[in-house]
Amino acid sequence: MIPRTALLALFALVGCNASPVKTDGQPRVVSLDYCADQYVLGLVERDYIAALSRDSQADYAYLRAEAVGLAQTSGRAEAVLALRPTVIVRTYGGGPDAGALYARLGIPVVQIGYAGRLEDIASVVQAAAGDFDGAMGDETASNRAAILIDQMRNNLDRVPASSDRRSLLYMTQGGVTAGPGTMIDDIITKAGYSNFETRPGWSPLPLERLAYKQPDQIATAFFDGAYTVLSPWTASRHPVARRQLANQDAVAIDSALTSCSAWYTAEAVTVLAERRSQ
């Protein structure tokens, strides 16, 4: 929670009447986290972007190349307000009270929704685009969203159906995997595999099961430097897990495809489906 003295200083910075920040009439969009960055870069005019998050060019940011040359912000309220934003975009950035704080200061906040399944992505993108258009007074974001959603759906429609449901284990560098009820499970199923992991949600790698049973295919994620393993005891370094990786040619999924749920997440389905067809 922001201390009272800091909150008073923020009000003083933008005006105690909590009216919208005055600019030259051009929108000034500030994004508070790397997931929000992807929606801003994909749906908003580049000239309108005042700043992205400090992770906008990270390995796990899908549109990292498009972020080059744009300003970055720490996401702290003082730094954000100094940019004189007319629109703030976030998924989790700025902390749990950020949306209420900026709304209280008269600055529209676009809160990016959560997509738990592939079928949810289109509605999340459309909702974000509608919020952008409402805040900026045009239909640019909705037009871009329609194109991206069509591309996503066309790519998914081209994935061939499969009656040969080979099993696939999703393995992260951090030693966890995903079972039913996750976006990863949806990706695995849509690509024509059955998920080796049967426990719902996110779980540690099933090392005991892997000691006597092997999946037909392994997909690795976040082994590309996107995150650093802090502990040598992570399950992905266990001899049982390492033996699985050594015994077969794992398919690598770019961490940027699955670190945030957006239109490009469907590309992970294509990656897996292409390997299944080989």
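Residues numbered from 1 in each chain as written. Predicted model: local features only at pLDDT ≥ 70, side-chain atom pairs only at ≥ 80, totals over all residues. Heavy atoms only, no water.

Undergrad: Explain the pairing of strand E2 (residues 49-53) here, please?
TA: In summary, the side chains of a regular strand alternate between the two faces of the sheet. Burial within E2 is extensive, with five of its five residues counted as buried. In this fold, the crossover linking strand E1 (residues 29-31) to E2 by way of helix H2 (residues 34-43) has right-handed handedness. Where E2 meets strand E3 (residues 72-73), two bridges bridge the pair, whose relative direction is parallel. Directly across from leucine 52, in E3, lies its bridge partner glutamine 72. (Buried < 20%, exposed > 50% of the residue type's maximum accessible area, 1.4 Å probe, protein only. Helix = DSSP H or I, 4+ residues; strand = E, 2+ residues; numbered from the N terminus. Right-handed = clockwise from strand over helix to strand, strands pointing away. Pairing = 2+ DSSP bridges.)

Undergrad: Looking at this structure, I do not really get the pattern of salt bridges. What am I missing?
TA: Think of it this way: side chains of opposite charge can pair up when their charged atoms draw near. Enumeration according to the criterion identifies four salt bridges in this entry. In this structure, arginine 144 and glutamate 45 form a salt bridge, with 3.4 Å as the shortest nitrogen-oxygen distance. Within this pair, whereas arginine 144 is found in helix H7 (residues 140-157), its partner glutamate 45 is found in the loop between H2 and E2, the two being separated by 99 residues in sequence. Judged by its relative accessible area of 26%, arginine 144 falls in the partly exposed class. Its relative accessible area of 32% is what places glutamate 45 among the partly exposed residues. A salt bridge links aspartate 186 to arginine 117; the shortest N-O distance between them is 3.1 Å. Of this pair, aspartate 186 sits in helix H8 (residues 183-190) while arginine 117 is found in the loop between strand E5 (109-111) and helix H6 (118-136), placing the two residues 69 residues apart along the sequence. Residue class for arginine 117 comes out partly exposed when judged on its relative accessible area of 35%. (Salt bridge = Lys/Arg side-chain N within 4 Å of Asp/Glu carboxyl O.)

Undergrad: Is there a simple way to explain the state of the cysteines in this structure?
TA: Scanning the entire structure with this criterion turns up one disulfide. With its sulfur 1.8 Å from that of its partner, cysteine 35 forms a disulfide with cysteine 260. Between cysteine 35 and cysteine 260, the S-S torsion sits near -80°, and that sign places the bridge as left-handed. Residue cysteine 35 is found in helix H2, and its partner cysteine 260 is found in the loop between helix H11 (255-258) and helix H12 (267-276); the two are separated by 225 residues along the sequence. (Disulfide = S-S within 2.5 Å.)

Undergrad: Would you mind going over the packing of aromatic side chains with me for this structure?
TA: Each pair of aromatic rings is reported with the distance of its centres and the angle of its planes. This model, assessed by the stated rule, comprises six aromatic pairs. Taking 5.5 Å as the distance between ring centres and 80° as the angle between the ring planes, the aromatic pair formed by tyrosine 39 and tryptophan 263 counts as edge-to-face. Remark: tryptophan 263 occurs in the loop between H11 and H12 and tyrosine 39 occurs in helix H2; sequence separation between them is 224 residues. Take tyrosine 39 and tryptophan 263: they sit in the same class, and that class is buried. Look at tyrosine 62 and tyrosine 264: their rings are 4.1 Å apart centre to centre, the planes differ by 10°, and that puts the pair in the stacked class. Placement of tyrosine 62 in the loop between E2 and helix H3 (64-67) and of tyrosine 264 in the loop between H11 and H12 is noted, with a sequence separation of 202 residues between them. Grouped by ring-pair contacts, the aromatic residues Tyr39, Tyr62, Trp263 and Tyr264 constitute a single cluster. Sitting over the face of the ring of phenylalanine 196, arginine 209 holds its NZ or CZ atom 3.8 Å from the ring centroid. (Phe/Tyr/Trp six-rings, centres within 6.5 Å; stacked < 30°, edge-to-face > 60°. Lys NZ or Arg CZ within 6 Å of the ring centre and 35° of its normal.)

Undergrad: Please clarify how the side chain of serine 167 should be interpreted in this entry.
TA: On the secondary structure map, serine 167 appears in strand E6 (residues 167-172). Note on serine 167: relative accessible area 14%, which makes it buried. Aside from chain neighbours lying at most four places away, what touches serine 167 is Tyr193, Ser194, Phe196, Pro215, Asp216 and Gln217. (Contact = heavy atoms within 4.5 Å.)

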